[in-house]
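Survey of secondary and tertiary structure
Each chain is listed here by its residues.
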Amino acid sequence: MIGNRLYLLRKAAGLSQAELGDMLSVSHHTISAYEKEKSDPSDATKVWLARFFGVSVDYLMGLSDERYPGYAAASSDVLLLPPYGAIMEPAQGAGPPPLPQTLPQNPSEKRSLPMKALLILLLVLAVLFLLLLLLLRPDPSARKKMAPFVGRRYAHRGLHCAQDGIPENSLPAFRRAVEAGYGIELDLHLTTDGRLVVFHDDTLDRVCGVTGRVDEKSYAELQQLRLLGTEERIPLFSEVLDIVAGKIPMIVEVKYQKNYPALCEKMMSQLRDYTGPYCVESFHPQVILWMKNHAPAVARGLLSDRYTEGEGNMTRLTPATWASQQLLFNWLTAPDFIAYNYLTAPRTRTLSLIRKVWHAPCVAWTVRDESKEPLALARFDAVIFERYRPAPRITP
């Protein structure tokens, strides 16, 4: 009777012949032989089986059928067993150490646990990756809005040249850029008396040789200063617009200052009747958010860099600065383009994702060596340059 009893007990435990064989270190053929009563287990095996299933050796071997008549008559499909460990008293005698008197876990379930954990991990990673893609998504109409600006080269702060006495962000520099057919990139500050001036640095030290911040000076005070030792003065934005007159595209960088809303409002009031192509960029997400909310039709771009490696001269990153360099404010600002330092761009994976997944237009800054321009063109749709004279348009 061991064959019938062993079969029924194995089925109740949810074990296959191979799984029970693995526990006994024998083949499933051996278990099959036991169940078909073609082979008799050793005494030690009988003791192990009895303790494993929580029955006595006598019961396992088919003795005392009258005590449990249901077992002898049970089929392979219907099995009525009392709880494990309560069938009969534990077997006595020598043998392996007592096993827990509970139903053992199915080995196939044990083997499936690592696979389930791996699948859960992969699912979590997939959700996080999709979330990252949503965080990086640019404005859906980005490529349409940026169509007039891609495929071109932009003279950084105008087509300036120190040897020729033409300083950066000066009227002669912008005039030369227009005559050469280049787009231009320029920078805006707001003076204390509400005038928009074109100047790059936050302070006056490098370009004008005096201390002080641009946004702490009036326009009259700034007119007393000269650019890089020349006779050129800091120009007004309106003067630059008169020179450009819609002939070439402009990239206007808004310099961040505490009263940036007033700066943006002044800029848009001057551009309201301007008919030429222009887009706006800034390093600060709040400026881009202002443009999104107040001038959504104007193409807006986020400037960024790997600040401890590039031109930011930073020694450490704040969480906000790190998020900005990784372009993680895109979900909030929905930029139409990304302007990034072309030298640090290859190490910024999020920028690559934006290019490959969302096909966002990207502008390279600032290429100062013509031999390195191919590096920029490999990743960017437009180039801001200085110190050399390339063709105005980028050819495929």
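These notes cover the structure that comes with them. (Residues numbered from 1 in each chain as written. Predicted model: local features only at pLDDT ≥ 70, side-chain atom pairs only at ≥ 80, totals over all residues. Heavy atoms only, no water.)

Once that is clear, we can look at the packing of helix H2 (residues 17-24) against helix H4 (residues 43-53). At a minimum axis separation of 12 Å, H2 and H4 run at an interaxial angle of 120°. For the crossing formed where H2 meets H4, the hand is right-handed. Contacts from Leu-20, Met-23 and Leu-24 in H2 reach Thr-45, Trp-48, Leu-49 and Phe-52 in H4. For the contact of H2 with H4, the per-class residue count stands at six nonpolar, one polar and no charged. (Axes fitted to C-alpha atoms, helices over the stretch in contact; angles between N-to-C directions. Helix = DSSP H or I, 4+ residues; strand = E, 2+ residues; numbered from the N terminus. Left-handed = near helix turned anticlockwise from the far one by under 90°. Contact = heavy atoms within 4.5 Å. Nonpolar A, V, L, I, M, F, W, Y, C, P; charged D, E, K, R; others polar.)

Within strand S4 (residues 250-254), five of the five residues are buried, which leaves it mostly tucked inside the rest of the structure. Residue alternation in S4 divides its side chains into two sets, Met-250, Val-252 and Val-254 and Ile-251 and Glu-253, and both sets are buried. Relative to S4, strand S2 (residues 183-190) is paired through five bridges, and the arrangement is parallel. Bridge assignment links Asp-187 to a residue of S4, and that residue is Glu-253. In terms of strand pairing, S4 meets strand S5 (residues 278-282) through four bridges, oriented parallel. By the bridge assignment, Ile-251 is partnered in S5 with Cys-279. Handedness of the β-α-β unit built from S4, helix H13 (residues 260-271) and S5 comes out right-handed. (Buried < 20%, exposed > 50% of the residue type's maximum accessible area, 1.4 Å probe, protein only. Pairing = 2+ DSSP bridges. Right-handed = clockwise from strand over helix to strand, strands pointing away.)

Below, the discussion takes up the packing of helix H1 (residues 2-12) against helix H3 (residues 28-35). The interhelical angle for the contact between H1 and H3, taken along N-to-C directions, is 125°, at an axis separation of 7 Å. Accordingly, the angle class assigned to the pair H1 and H3 is oblique. Residues Ile-2, Gly-3, Asn-4, Leu-6, Tyr-7 and Arg-10 of H1 lie in contact with H3, whose contacting residues are Ile-31, Tyr-34 and Glu-35. (Parallel < 35°, antiparallel > 145°, perpendicular 65-115°, else oblique.)

What follows deals with the nonpolar core. Counting residues in each nonpolar core, the largest one holds 57 residues, and the members touching the most others are Ile-184, Leu-186, Leu-188, Phe-237, Met-250, Met-267 and Met-268. Among the elements that take part in this core, H13 stands out by supplying six residues, more than any other. Residue contacts for Met-268: discarding those within four places in its chain leaves Tyr-278, Trp-290, Met-291, Ala-295 and Val-298. The next biggest cluster of nonpolar side chains, apart from the first, holds 17 residues, and it includes Leu-24, Tyr-34, Leu-49 and Ala-50. (Core = buried A, V, L, I, M, F, W, Y, C linked by side-chain atoms within 4.5 Å.)

Quick look at the pattern of salt bridges now. Within this structure, the stated rule accounts for 16 salt bridges. Taking the shortest distance from any N to any O, the salt bridge between Asp-336 and Arg-300 comes out at 3.7 Å. Of this pair, Asp-336 sits in the loop between helix H16 (330-333) and strand S7 (337-341) while Arg-300 sits in strand S6 (residues 300-304), placing them 36 residues apart in sequence. Look at Arg-300 and you get buried, because its relative accessible area is 1%. (Salt bridge = Lys/Arg side-chain N within 4 Å of Asp/Glu carboxyl O.)

In this section: unusual backbone geometry. In this structure, Arg-157 is a non-glycine residue whose phi angle is positive, near 60°. Considering the arrangement of structural elements, one finds Arg-157 in the loop between strand S1 (153-156) and helix H9 (171-180). In this structure, Ala-334 takes a positive phi of about 45° despite not being glycine. Inspection of the secondary structure assignment puts Ala-334 in the loop between H16 and S7.

The geometry of an aromatic ring pair is captured by the separation of the ring centres together with the interplanar angle, meaning the angle of the planes. Counted according to the given criterion, the structure contains six aromatic pairs. One cation-aromatic arrangement involves Arg-195 over Tyr-219; the distance from NZ or CZ to the ring centre is 4.7 Å. (Phe/Tyr/Trp six-rings, centres within 6.5 Å; stacked < 30°, edge-to-face > 60°. Lys NZ or Arg CZ within 6 Å of the ring centre and 35° of its normal.)

Turning our eyes to something else, we now look at H9. Those residues of H9 not exposed but buried are Pro-172, Ala-173, Phe-174, Ala-177 and Val-178. Each element contacted by the buried residues of H9 is listed here: S1, S2, strand S3 (196-198) and helix H12 (237-244). Count one or two residues on from H9 and you reach Gly-181, which has phi positive near 85°.

By themselves, these are just geometric observations and shouldn't be taken as functional.
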